[in-house]
Amino acid sequence: MISINIQSAGYEQNKAIIKNIEFTIPKGQVVGLIGGNGAGKSTTIQTIMGTIPHSQHKCELSEYGYVPERPILYDYLTLWEHIHLLIQSNGQDTVKLEQRAMELCKIFRLQSKLNEYPINFSKGMQQKVMLILAFTPRYDFYILDEPFMGLDPQAIRRLLTMIDDTKRQSASFLISTHALDTAEKLCDSFVCLHEGKIIRIGTLEQLQQHHSQSLLEIFDELLEGVENAAV
Ligand SMILES: Nc1ncnc2c1ncn2[C@@H]1O[C@H](COP(=O)(O)OP(=O)(O)OP(=O)(O)O)[C@@H](O)[C@H]1O
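Bear in mind that the values here come from a model prediction, so they are computed numbers and not experimental data.

Caption draft 1: Structural context of the site of the ligand. Close to the ligand lie Tyr11, Ile17, Gly35, Asn37, Gly38, Ala39, Gly40, Lys41, Ser42 and Thr43. Partitioning the shell around the ligand into residue classes produces three nonpolar, six polar and one charged.

This is the structure in structure tokens:
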């Protein structure tokens, strides 16, 4: 189980963007981080990863796979060179990693692009490259920031299958997304953020409380409640 405990975090001294973010990610489970634009999802992820400039937090992580919100690619490396760089810097079995990377390139239909430069790929193809790099080594924990963004429907289905398979091997996931219909089916529980604070935590059943609603309807109601209370 991974425990996230963030007292406060922000980009400038004494200017907290997120506050009191506490939740756990049980082994073999997918936790969805949901919230509107600017709610603090990426800031929470950056804090967990220890890359936010100012923070008071306690999150003990070992190695993990990470897909950033926007693809991070080297201008002068081909797809194969990106994979190779990752394999060389990783302590796991090189042959196994190469096999796995090639398998993932096939899954995402990029096997014919190995000698091309990802910097020139379409947005969705670049997203696939980030997924291939994150899923090549086997980790116990993965942080995926908006992983479905730009993916075609086939790639979304394949990613969902990959997450499910990886989860079965006891890996945990923290996934930030606006794709609430997908999140509803994928995630075991949800952390709902608004203006840098948690407004609700729970499974879909716990969030539904009285009657069956979609995650989108629940989130809409939660926001309405918070906004009305603020008036
Ligand atoms: N590098 C930065 N410097 C200063 N402020 C930032 C920076 N990045 C984000 N912020 C601010 O932090 C707040 C939360 O942003 P964050 O990116 O965490 O939201 P988000 O929930 O991921 O939003 P979105 O769904 O739009 O990606 C916003 O008010 C944003 O302007």
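Caption draft 2: Region of the structure containing helix α1 (residues 41-49). Burial runs high along α1: seven of the nine residues are buried. Taken residue by residue, α1 has Lys41, Thr43, Thr44, Ile45, Gln46, Thr47 and Ile48 as its buried positions. Remark: Gly50 follows α1 within two positions and exhibits a positive phi of approximately 80°.

Caption draft 3: Main features of the nonpolar core. With 53 residues, the main nonpolar core has Val31, Leu131, Ile132 and Phe173 as its most contacted residues. It is helix α4 (residues 123-135) that contributes the most residues to this core, eight residues altogether. A domain-level breakdown of this core finds at least three residues from each of domain 1 (2-64 + 139-230) and domain 2 (74-138). Leave out the neighbours within four places in its chain, and Val31 touches Phe23, Ile25, Phe173, Leu174, Cys187, Asp188, Ser189 and Val191.

Caption draft 4: The arrangement of the sheet that holds strand β4 (residues 54-59) in detail. Strand order in the open sheet made by the three strands is β2-β1-β4, with antiparallel pairing throughout. Every interior strand has two partners, whereas the edge strands, β2 (18-25) and β4, have only one. Ignoring which end each strand starts from, the neighbouring axes of this sheet average 10° apart. One ladder, built from seven bridges, connects strand β1 (residues 2-10) with β2; its direction is antiparallel. Of the residues in β2, the one forming a bridge with Ala9 is Ile18.

Caption draft 5: Representation of the sheet that holds strand β6 (residues 141-145) in the model. The strand order across the open sheet built from six strands is β5-β6-β7-β3-β8-β9, with neighbouring strands paired in mixed fashion. Each of the sheet's edge strands pairs with one partner strand only, and the pair in question is β5 (65-67) and β9 (197-202). Ignoring which end each strand starts from, the neighbouring axes of this sheet average 15° apart. Across four bridges, the pairing between strand β3 (residues 30-34) and strand β8 (residues 189-194) is parallel. Among the inter-strand pairings, Leu33 is bridged to a residue of β8, identified as Val191. In the packing of helix α8 (residues 215-230) onto the sheet, the strands contacted are β3, β8 and β9, and the crossing angle to β8 comes to about 35°.

About the criteria used
- Each chain has its residues counted from 1, running along the sequence as written.
- Local features in this predicted model are restricted to residues whose pLDDT is 70 or higher, and side-chain atom pairs enter the listing and the counts only when it is 80 or higher, whereas totals over whole chains, interfaces and linings include all residues.
- A molecule or strand has a residue near it when that residue's C-beta atom, placed from backbone coordinates, lies within 6 Å of it.
- Under this grouping Gly is polar, as are all residues other than the nonpolar Ala, Val, Leu, Ile, Met, Phe, Trp, Tyr, Cys and Pro and the charged Asp, Glu, Lys and Arg.
- Field definition: a residue is buried when 20 or more other C-beta atoms are found within 10 Å of its C-beta, exposed when 12 or fewer are, and partly exposed for counts in between, with C-beta atoms placed from the backbone.
- Put simply, DSSP marks the helices as runs of H or I at least four residues long and the strands as runs of E at least two long, and each gets a number from the N terminus on.
- What makes a nonpolar core is a set of buried Ala, Val, Leu, Ile, Met, Phe, Trp, Tyr and Cys residues, with links drawn between C-beta atoms within 7 Å.
- Segmentation of the chain into domains, including their bounds, is taken from an automatic or database domain assignment.
- The contact criterion used here is simple: two residues whose C-beta atoms, placed from the backbone, lie within 7 Å are in contact.
- DSSP bridges decide pairing: two strands pair if at least two such bridges lie between them.
- To get an axis, fit a line to the C-alpha atoms, keeping to the stretch in contact for a helix; angles then go from 0 to 180 degrees between the N-to-C directions.

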